[in-house]
Amino acid sequence: MEPSLSTSIGKIELNSPAMLASGILGISLDVFNRLYRSGAGAVVSKSLSIEPWEGYPNPTIFSVNGGGWMNAVGLSNPGASNFAKMIEHNQDVPIIVSLVGSIPEDFEMMIKEFTNCNVTAFELNLSCPHVAKVGLEVGDDPELVKKIVTTVKNSTSIPAIAKVGLGTTDYLNTVKIAIDSGIDAITAINTVRAMAIDVETQRPILSNKFGGLSGTPIKPIALRCVYEIASKYDVPIIGCGGISTWEDAIEFFLAGASAIQLGSAIGDNWINVFDDINKGVLQYMKQKNYSTIDEMVGLAKKF
Amino acid sequence: MEPSLSTSIGKIELNSPAMLASGILGISLDVFNRLYRSGAGAVVSKSLSIEPWEGYPNPTIFSVNGGGWMNAVGLSNPGASNFAKMIEHNQDVPIIVSLVGSIPEDFEMMIKEFTNCNVTAFELNLSCPHVAKVGLEVGDDPELVKKIVTTVKNSTSIPAIAKVGLGTTDYLNTVKIAIDSGIDAITAINTVRAMAIDVETQRPILSNKFGGLSGTPIKPIALRCVYEIASKYDVPIIGCGGISTWEDAIEFFLAGASAIQLGSAIGDNWINVFDDINKGVLQYMKQKNYSTIDEMVGLAKKF
Amino acid sequence: MRWWDLQRNSNHTTIVTIEKVIDETPTVRTLVFSDSIMPNVLPGQFAMVWIPGINELPMSVMISKESGKAAFTVRKHGLASTGLFNIKVGEKIGIRGPYGNAFDIKQGKLLLVGGGTGLVPMMRLLTHVKSTDDVTVLIGAKSKDEVFFEDLANDLLQNNPHNVIISTDDGSYGEKGFVTDIVEKLVNESHFDGVYTCGPEKMMYKTVQSAHSRGIFVQASLERMMKCGVGICGSCCVGEDLACKDGTIFDGNHLSKNNEFGYFHRNKAGILEDY
Amino acid sequence: MRWWDLQRNSNHTTIVTIEKVIDETPTVRTLVFSDSIMPNVLPGQFAMVWIPGINELPMSVMISKESGKAAFTVRKHGLASTGLFNIKVGEKIGIRGPYGNAFDIKQGKLLLVGGGTGLVPMMRLLTHVKSTDDVTVLIGAKSKDEVFFEDLANDLLQNNPHNVIISTDDGSYGEKGFVTDIVEKLVNESHFDGVYTCGPEKMMYKTVQSAHSRGIFVQASLERMMKCGVGICGSCCVGEDLACKDGTIFDGNHLSKNNEFGYFHRNKAGILEDY
Ligand SMILES: Cc1cc2nc3c(=O)[nH]c(=O)nc-3n(C[C@H](O)[C@H](O)[C@H](O)COP(=O)(O)OP(=O)(O)OC[C@H]3O[C@@H](n4cnc5c(N)ncnc54)[C@H](O)[C@@H]3O)c2cc1C
Ligand SMILES: Cc1cc2nc3c(=O)[nH]c(=O)nc-3n(C[C@H](O)[C@H](O)[C@H](O)COP(=O)(O)OP(=O)(O)OC[C@H]3O[C@@H](n4cnc5c(N)ncnc54)[C@H](O)[C@@H]3O)c2cc1C
Ligand SMILES: Cc1cc2nc3c(=O)[nH]c(=O)nc-3n(C[C@H](O)[C@H](O)[C@H](O)COP(=O)(O)O)c2cc1C
Ligand SMILES: Cc1cc2nc3c(=O)[nH]c(=O)nc-3n(C[C@H](O)[C@H](O)[C@H](O)COP(=O)(O)O)c2cc1C
Ligand code: FES
Ligand code: FES
């Protein structure tokens, strides 16, 4: 029997385990459709706020010598309501709407905007490492995480995912609180706070000085987070961080992820990366005699 | 006038700003002499404990596809007293003795062993990400950090450096406590907790499962830590993490480091990396008209 | 072994020093610099240009007469472009790229339609035409003192059968009227093997319509808000296309199916706005 | 562009499958596998061999008669080597490398002195001698049932003037006595152009002394505790040298100035211990 690429992350069912990560190409429905046709199991939107944000001035993105990408886009986004209008007519694409905010009410308000939209899940970005007041400042505050997740779960029956990252507190604690407050799944991890200085002009390259490191450099860090979460808690996990090949995808499944997200790999290999990974995963499943992704999830935990 | 490579990290004076990082080739005086002749400004020993430790079984070190190294050596070391005997006859090499322990008394005892040795400084390893009870478990405990640093400062007049890393608490808080307790300098950062799984055998590669990521992948993370510390506190800083070229070294000086440590670069480029970096830094200083390293330190902070 | 020792990382900023500044008009300047890669980019390709402390902007890579050199030709507009405009000889800027695809240059009778700094890729295109090609260059501007690159175009085409036409909206120089009316006239009068355009979107839109409706091969180079330039951020999307990665050059056939071209672009927040 | 797409990362573990297991003696086995790199390593080079779930050990890369294949010849000893010894056909191990330098093979009259699995690099060395070389191979073992590679050595040298001498400590096979006494006799009797040795350190030490004191070019391949194999961990240091990176092969001249060779090695904690 042909193995199947479909996977479930708790109640979320996808045809392919590789989804687009938040912030990557994530502002237009036409592009979402294109990515879906290219093999993405779902697309996660750019993180949306209540008001539109222009983000930081450029430079906001560049690649690091030695591998990976650095960004401080500053969560530029058209705002939840503009975005909701845009995806109103979405029929085919499993869209996961990413949200940022600094208080529970922000999330509640934004979720209302999507009442008439076909949304697969909400992803709560608790982990942006370079924007004050939202992101990690939220994720590092246990009380706030609890209130936000509880509010979100009370606002909608659509599954909610918490996206965590490495902040100034123990992210495993954030995960625990999110789970205790009813979260449906965890995405790990966001970019890692980082910096680059140009030696010629002697100034930080990003206009925001600090940014988030993504891509291959953070893969081993992301993988350990997935493994740590999977070893400690019984929660569906979406792995994210530096995944660019099918071997990377398998590593994350073995560590405990039921699905993965791709960001920087698109900058490195463009959008055929979805198809490449899907094909490689299928090949591996055939060779190892698996019929579902689920059979692989967490296999490395027994060691 | 020829620019000079000498630098001071608080009271510590070195002829060259590039030193050997702890754990790299750091167990034999003959090797220390060789590294010193190759251009290292100082060598930091393998982290020493009271008793000798064998460390973890292999695999303990391998390089990551995509860059960098992963290790879980498990702080194998000959023990403080054996090591002290070995360096008793050291005359030339500025040796920084790295120490690990889980209680203040451990450090006190070990420092006594070095009474008759020519030691340039002690580096307190508060940040090993893959050995329980010492390392990050210590660094993440503010009370313990305070007690250890206070004890060390009361035990010796030799300068003491605290080596910090990314743990489960805010490392900037650890830095603050160390400073308040009288530390002379900060080394930032240690390896970052990470993991790799072999997809063929489906098991973690390191015998310890988790290890520390070092080398180019962590450079942007280490650089931001140095910049963050330099922006927040007035303390001499030694930059460490992924430095492998003279440009990297300059980036760290500009961010606020008075000296740097090299670890993984030795695995990538062998020990001529000290000379290469020294030459490159000198060239840069000539071109920019600096006569001392100090003139560059922290220049990027003004932006 | 590290790959970045072997080749320059085109997605990481390289610093170059401005060696010459040429005033093209009161609001347009060309900044010349030496570099190993930018002098040889393909016609239509752009770079991301970092003005330290100010911003980073997409800029078409301008040709330079001197070998080993390239340039940017910038019109001062908002904060960022004015910052670049004000860069002096000896000052440093950062560049990464080149990015984007290139014009597919046909042979025979060619028409190039450029407005403002949209002329930059047209000038590089001219360095790639065959000497047998019959080339018409149409330069649109608001008024006489905004016309530039006329001499350069004539110069580059000195060995070709050619025709450089200027049109100004106010008639203060060359023909009076909108450049797109002249395009319509030209494609009506004679057959072209290829039409290439870069400039204000409305101009490109009409040019593409005029040519495409007559079955003439036409390509336009689209300008969109660009933050990354490499297909990551999504800010440059035009329908399902990413201008930086799928373009910036698209042909008439493709553009005629795109609902946003000619009508909408996205602002810095990613909100669709009318042109 | 990612460099690891272009070439295998020799410092990252590659998984291979054991295809054949050959019993050499009751305690020594040769495990054969296919690989693109290991069949062609230089004589003296080693690999780090991962026995999943057990340990990772340095192992000289053994030759295989079949092209495209290489092998490891392991003596079961402690936990790790016994783990490798027990690997069955079809099971997988990980390898990284090759590491270390190679023997500098002279021409003329050569003497190879090997003990136990120290014979492994000697066998590969034999595949690199010129057919005009006159080669003496001296194999030391405790007793008859610990002798292996005698036939292989004769086989590899069938086109050379050669002599394969076995010595056993107990005299149960070949000549009786210590291999180093025979070395002393041989270098006394005739001139050698090169002497190569790998095996127990005391054996190598005496062999180097015998040859070096007579001005004969001699090289020994040193075994030390190795964790990384790549010059990072320091566990393999011998005086100021790192066996994995500066060696494993050193010549007599260098070794005669090293105070640790022949006397000390370091244990897993890095403490100097007597040999
Ligand atoms: C591929 C490409 C090539 C270009 N080549 C040239 C050139 O050769 N010469 C030249 O003068 N200009 C060129 N531009 C336009 C240039 O990048 C700027 O948009 C323009 O200079 C105005 O910038 P500003 O920030 O000063 O103006 P602002 O007042 O800040 O903005 C004015 C408008 O410019 C546009 N804009 C601003 N920033 C960007 C950006 N990062 N990317 C795209 N559009 C932006 C937006 O529509 C904005 O509303 C090119 C643009 C693109 C996309
Ligand atoms: C370059 C090199 C090539 C080698 N080639 C071969 C070979 O082809 N065949 C073979 O059988 N053996 C070879 N060895 C020896 C082998 O690596 C092991 O040391 C040996 O098999 C005993 O291992 P053990 O762990 O089973 O024994 P243990 O009982 O664990 O240890 C016994 C002793 O072996 C040594 N040892 C253990 N682990 C290591 C290690 N990681 N590195 C170095 N020494 C160690 C120590 O001296 C230790 O005290 C080689 C060693 C080196 C350094
Ligand atoms: C340019 C860019 C923008 C991003 N924007 C967001 C965002 O808006 N919300 C979010 O949760 N994560 C954002 N991220 C983080 C990614 O979703 C992802 O977590 C991270 O890049 C690690 O994955 P990768 O290594 O595959 O890129 C962004 C990343 C990049 C590179
Ligand atoms: C094999 C290995 C062993 C290490 N052992 C120690 C140690 O004993 N004590 C310590 O403080 N840091 C240790 N480190 C961390 C390094 O000193 C350094 O902080 C880290 O590797 C980052 O620097 P790099 O990127 O230049 O390697 C070790 C690193 C490696 C790779
Ligand atoms: S500019 Fe970022 S995707 Fe095109
Ligand atoms: S084995 Fe690690 S340095 Fe040689």
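What counts as what
- Residues numbered from 1 in each chain as written.
- Chains lettered and ligands numbered in written order.
- Predicted model: local features only at pLDDT ≥ 70, side-chain atom pairs only at ≥ 80, totals over all residues.
- Heavy atoms only, no water.
- Helix = DSSP H or I, 4+ residues; strand = E, 2+ residues; numbered from the N terminus.
- Rg over C-alpha atoms; globule rule 2.2 N^0.38 Å.
- Buried < 20%, exposed > 50% of the residue type's maximum accessible area, 1.4 Å probe, protein only.
- Contact = heavy atoms within 4.5 Å.
- Areas by Shrake-Rupley, 256 points an atom, 1.4 Å probe, with all protein chains shown as cover.
- Near = heavy atom within 4 Å.
- Polar contact = N/O pair within 3.5 Å; in protein donor to acceptor, adjacent residues only side chain to side chain.
- Nonpolar A, V, L, I, M, F, W, Y, C, P; charged D, E, K, R; others polar.
- Domains from an automatic or database assignment.
- Pairing = 2+ DSSP bridges.
- Axes fitted to C-alpha atoms, helices over the stretch in contact; angles between N-to-C directions.
- Parallel < 35°, antiparallel > 145°, perpendicular 65-115°, else oblique.
- Left-handed = near helix turned anticlockwise from the far one by under 90°.
- Salt bridge = Lys/Arg side-chain N within 4 Å of Asp/Glu carboxyl O.
- 1 Å grid on protein atoms, 1.4 Å probe; cavity = no way out; pocket = protein on both sides within 12 Å on 5 of 7 lines; lining within 4 Å.
- Points joined across faces, edges and corners; volume = space filled by probe spheres on them.
- Buried area = accessible area lost by both parts, 1.4 Å probe.

Quick word on the overall build of chain A
The helix and strand tally for chain A stands at ten helices and 16 strands. Relative to the 2.2 N^0.38 estimate, which gives 19 Å for 303 residues, the radius of gyration of chain A is 18 Å and therefore close to what a compact globule would have. By the burial criterion, 69% of the 303 residues in chain A qualify as buried. In chain A, the proportion of contacts linking residues at least 24 apart, taken out of those at least 6 apart, comes to 71%. When the accessible surface of chain A is totalled, it reaches about 9,500 Å², and 47% of it is carbon and sulfur.

Focus: the site of ligand 1
All names here are of chain C. Neighbouring ligand 1 are 21 residues; Pro58, Thr73, Ser81, Arg224 and Met226 lie closest to it. Between Thr73 and ligand 1, the recorded distance is 2.8 Å, taken from a backbone N or O atom to a nitrogen atom. Between Thr117 and ligand 1, the recorded distance is 3.5 Å, taken from a side-chain N or O atom to a nitrogen atom. Surface burial for ligand 1 is 80%, taken as the share of its 840 Å² of free accessible area covered by protein chains. Of all the secondary-structure elements, those providing two or more residues to the shell around ligand 1 are strand S4 (55-60), strand S6 (69-75) and helix H2 (79-85). In terms of residues, the shell around ligand 1 owes the most to one element, S4, which gives four residues. For the shell around ligand 1, the residue count by class is ten nonpolar, seven polar and four charged. Two domains each donate at least three residues to the shell around ligand 1, and these are domain 1 (3-99) and domain 2 (109-274).

Comments concerning the sheet that holds strand S3 (residues 46-51) of chain C
All names here are of chain C. With antiparallel pairing, seven strands are arranged side by side in an open sheet as S4-S3-S7-S1-S2-S6-S5. Either end of the sheet is taken by a strand with one partner, and the two such strands are S4 and strand S5 (62-63). The pairing of strand S1 (residues 14-25) with strand S2 (residues 28-34) spans six bridges and is classified as antiparallel. In the strand pairing of S2, Asp23 is matched with Arg29.

Here we look at the packing of helix H6 (residues 171-180) of chain A against helix H7 (residues 219-232) of chain A
All names here are of chain A. One can describe the packing of H6 onto H7 by two numbers: an axis separation of 11 Å at closest approach and a directional angle of 45 degrees. One element, H6, and the other, H7, form an angle in the oblique class. For the crossing formed where H6 meets H7, the hand is right-handed. Facing H6, whose interface residues are Tyr171, Leu172 and Val175, H7 presents Arg224, Cys225, Glu228, Ile229 and Lys232. Counted by class, the contact of H6 with H7 contains five nonpolar, no polar and three charged residues.

Describing the pattern of salt bridges
Across all of its chains, the model carries 51 salt bridges over all chains by this definition. Residues Arg34 of chain B and Asp246 of chain D are paired through a salt bridge, measuring 2.6 Å at the closest nitrogen-oxygen approach. With Arg34 of chain B in helix H1 (residues 29-37) and Asp246 of chain D in helix H7 (residues 243-246), this residue pair bridges two chains. Its salt-bridge partner being Lys109 of chain D, residue Asp134 of chain D comes within 3.6 Å of it at the nearest N-O pair. Placement of the pair is Asp134 of chain D in strand S8 (residues 134-141) and Lys109 of chain D in strand S7 (residues 109-115), with a sequence separation of 25 residues. Here Lys109 of chain D falls in the partly exposed class, since its relative accessible area comes to 23%.

A word on empty space enclosed by the protein
Under the defined criterion, the tally for this structure stands at four cavities of 30 Å³ or more. In this structure, the largest cavity encloses a volume near 540 Å³. Ser22, Gly23, Ile24, Asn71 and Thr191 of chain A are the residues nearest the centre of the largest cavity, which is lined by 41 residues in total. Elements represented by at least two residues in the lining of the largest cavity include exactly strand S6 (69-71), strand S16 (259-262) and helix H9 (264-269) of chain A. Its residues assigned to classes, the lining of the largest cavity comprises 18 nonpolar, 19 polar and four charged. Reported here for the second largest cavity is a volume of approximately 460 Å³. Lining the second largest cavity are 35 residues, with Ser22, Ile24, Asn71, Asn190 and Thr191 of chain B positioned closest to its centre. Among the secondary structure elements, those contributing two or more residues to the lining of the second largest cavity are strand S6 (69-71), strand S16 (259-262) and helix H9 (264-269) of chain B. Per element, the largest residue contribution to the lining of the second largest cavity is three residues, and it comes from S6 of chain B. Of the residues that constitute the lining of the second largest cavity, the class distribution is 17 nonpolar, 16 polar and two charged.

Some words on the interface of chain B and chain A
Contacts between the two partners involve 42 residues from chain B, matched on the other side by 42 residues from chain A. When chain B packs against chain A, the two sides together hide about 3,700 Å² of surface, and 63% of this comes from carbon and sulfur. By the criterion of area lost to chain A, the three top residues of chain B are Val199, Gln202 and Phe303 of chain B, representing 18% of everything that side buries. Linking chain B to chain A there are four salt bridges. Linking Arg193 of chain B and Glu228 of chain A is a salt bridge whose minimum nitrogen-to-oxygen distance equals 2.5 Å. At the boundary of chain B and chain A, one finds 20 residue pairs in polar contact (both at pLDDT 80 or more). The element contributing the most residues to the side of chain B that touches chain A is helix H7 (residues 219-232) of chain B, with six residues.

Quick look at the site of ligand 4
Around ligand 4, a shell composed of 25 residues is seen, among which Ser22, Ser47, Lys163, Gly242 and Ser264 of chain B lie nearest. Chains contributing residues near ligand 4 are chains B and D. Taking Gly242 of chain B, its main chain carries an N or O atom lying 2.6 Å from an oxygen atom of ligand 4. Side-chain polar atom of Ser264 of chain B to an oxygen atom of ligand 4: 2.6 Å apart, as the coordinates give it.

Examining the pairing of S6 of chain C
On any regular strand, side chains alternate: one points to one face of the sheet, the next to the other face. All names here are of chain C. Counting buried residues along S6, six of its seven residues qualify, which places the element largely inside the surrounding structure. As paired elements, S2 and S6 share seven bridges and run antiparallel to each other. Following the sheet pairing, Ser34 is matched in S6 by Lys69. Pairing analysis gives two bridges linking S5 to S6, with the strands arranged antiparallel. Paired with Met62 across the bridge in S6 is Ala71. Connecting the antiparallel pair S5 and S6 is a turn made up of five residues, with Gly68 showing a positive phi of about 80 degrees.

Considering the domain arrangement of chain C
Residues and elements named next belong to chain C. Partitioning chain C into domains gives domain 1 (3-99) and domain 2 (109-274). Distance between the C-alpha centres of domain 1 and domain 2: 21 Å. The interface is formed by 27 residues belonging to domain 1 together with 25 residues belonging to domain 2. Together domain 1 and domain 2 conceal approximately 2,000 Å² of surface at their shared face, both sides included; 66% is due to carbon and sulfur atoms. Summed over the three residues of domain 1 that lose the most area to domain 2, namely Pro43, Ile63 and Arg75, the buried surface amounts to 28% of that side. On the surface where domain 1 and domain 2 come into contact, there are one salt bridge. One salt bridge in this structure joins Glu146 and Arg75, with 3.6 Å as the shortest N-O distance. Along the contact surface separating domain 1 from domain 2 lie five residue pairs in polar contact (both at pLDDT 80 or more). Looking at the side of domain 1 that touches domain 2, the elements with two or more residues in it are S1, S2, S3, S4, S5, S6 and strand S7 (92-99).

Some details on the packing of helix H5 (residues 179-189) of chain C against helix H6 (residues 201-212) of chain C
Pairs of packed helices are described in terms of their axes, by the angle between the two and the distance that separates them. Residue and element names in this part refer to chain C. The interhelical angle for the contact between H5 and H6, taken along N-to-C directions, is 10 degrees, at an axis separation of 9 Å. With respect to H6, the element H5 is oriented roughly parallel. Between H5 and H6, the contacting residues are Val179, Thr180, Val183, Glu184 and Val187 on the first element and Met203, Lys206, Thr207 and Ser210 on the second. Looking at the contact of H5 with H6 residue by residue, the class counts come to four nonpolar, three polar and two charged.

Quick look at the sheet that holds strand S1 (residues 14-25) of chain D
Residue and element names in this part refer to chain D. With respect to topology, six strands assemble into an open sheet ordered S4-S3-S6-S1-S2-S5, the strand pairing being antiparallel. A single partner strand is all that each edge strand has here, and the edge strands are strand S4 (55-60) and strand S5 (69-75). Going across the sheet, the axis of each strand differs from the next one's by a mean of 40 degrees, ignoring polarity. Pairing between S1 and strand S6 (residues 92-99): four bridges, direction antiparallel. Across the sheet, Thr14 pairs through a bridge with Ile95, a residue of S6.

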